[in-house]
Amino acid sequence: MSAFSPTFDHGAALRVPAPADGLGWSRLLAWLGCAGRPKGMHGLVEVATASGLAVAAPGDWIVLSAGGDYHVAVVPTTRAANG
């Protein structure tokens with residue numbers, strides 16, 4: 001395999017909703033199960049990942065790889081606007 005053909009671990013992803021989106025939060029927390037919990041009042045969620053706990057903010061993506069591990073993909077533009 002060369003550097004130009006990486007192996008991808010396709011899975012699923014959900015975006016962290018705005019703090020006021022109750023339905024979005026219900027869906028996200030149900031999807032995360034015991035791997036996630038709300039953190040504070042600013043729409044943050046703490047996620048158990050393969051490399052330890054990670055915090056995701058509204059607009060960030062939480063990815064569940066096909067291997068079963070969660071990952072947080074931080075979106076810099078939304079992170080700057082939220083915090």
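Right above here is the structure, for reference.
Anyway, here's the lowdown on the structure attached to this text. (Residues numbered from 1 in each chain as written. Predicted model: local features only at pLDDT ≥ 70, side-chain atom pairs only at ≥ 80, totals over all residues. Heavy atoms only, no water.)

Ordered in space as β2-β3-β4, the three strands form an open sheet in which the pairing is antiparallel. Across the chains shown, the open sheet's two edge strands, defined by having one partner strand only, are β2 (36-39) and β4 (52-56). With direction set aside, neighbouring strand axes in the sheet form an average angle of 30°. On the sheet, helix α1 (residues 22-32) packs against β2 and β3 (44-49) and is oriented at approximately 15° with respect to β3. (Pairing = 2+ DSSP bridges. Helix = DSSP H or I, 4+ residues; strand = E, 2+ residues; numbered from the N terminus. Axes fitted to C-alpha atoms, helices over the stretch in contact; angles between N-to-C directions. Contact = heavy atoms within 4.5 Å.)

Glancing now at the packing of aromatic side chains. Enumeration over the complete set of coordinates arrives at one aromatic pair. The interplanar angle of 85° and the centroid separation of 5.4 Å between the aromatic rings of W31 and Y70 together place this pair among those described as edge-to-face. You can see W31 sitting in helix α1 and its partner Y70 sitting in strand β6 (residues 70-73), a full 39 residues away along the chain. Of the residues examined, W31 reaches a relative accessible area of 25% and is grouped as partly exposed. (Phe/Tyr/Trp six-rings, centres within 6.5 Å; stacked < 30°, edge-to-face > 60°. Buried < 20%, exposed > 50% of the residue type's maximum accessible area, 1.4 Å probe, protein only.)

Strand direction decides the pairing type here: β2 and β3, joined by four bridges, are antiparallel. Paired with R37 across the bridge in β3 is E46. The turn linking β2 back onto β3 is made up of four residues, and G40 within it adopts a positive phi angle of 80°.

To continue, consider the nonpolar core. Membership of the largest hydrophobic core is limited to ten residues, which are V16, W25, L28, L32, A35, V45, V47, A56, I62 and Y70. With three residues, α1 is the largest single contributor of residues to this core. (Core = buried A, V, L, I, M, F, W, Y, C linked by side-chain atoms within 4.5 Å.)

Right, let's talk about the side chain of D60 for a bit. Along the polypeptide, D60 turns up in the loop between β4 and β5 (61-64). A polar side-chain atom of D60 sits 2.9 Å from the main-chain amide nitrogen of V75. (Polar contact = N/O pair within 3.5 Å; in protein donor to acceptor, adjacent residues only side chain to side chain.)

Turning our attention to α1. What α1 keeps buried is the set G24, W25, L28 and L32. Summarising the axial view, the buried residues of α1 lie within an arc of 95°, below the 170-degree limit, and thus occupy one face. Away from its buried face, by an angle of more than 90 degrees, α1 presents the exposed residues L23, R27 and A30. Where α1 is buried, its residues meet β1 (12-15), β2, β3, β5 and β6. Looking one or two residues beyond α1, the residue adopting positive phi is G33, at roughly 60°. (Arc of directions from axis to C-beta.)

For V74, the position within the fold is in the loop between β6 and α2 (76-82). Relative accessible area serves as the criterion here: at 43%, V74 is assigned to the partly exposed category. Linking V74 and I62, residues twelve residues apart in sequence, is a C-alpha distance of 8.6 Å.

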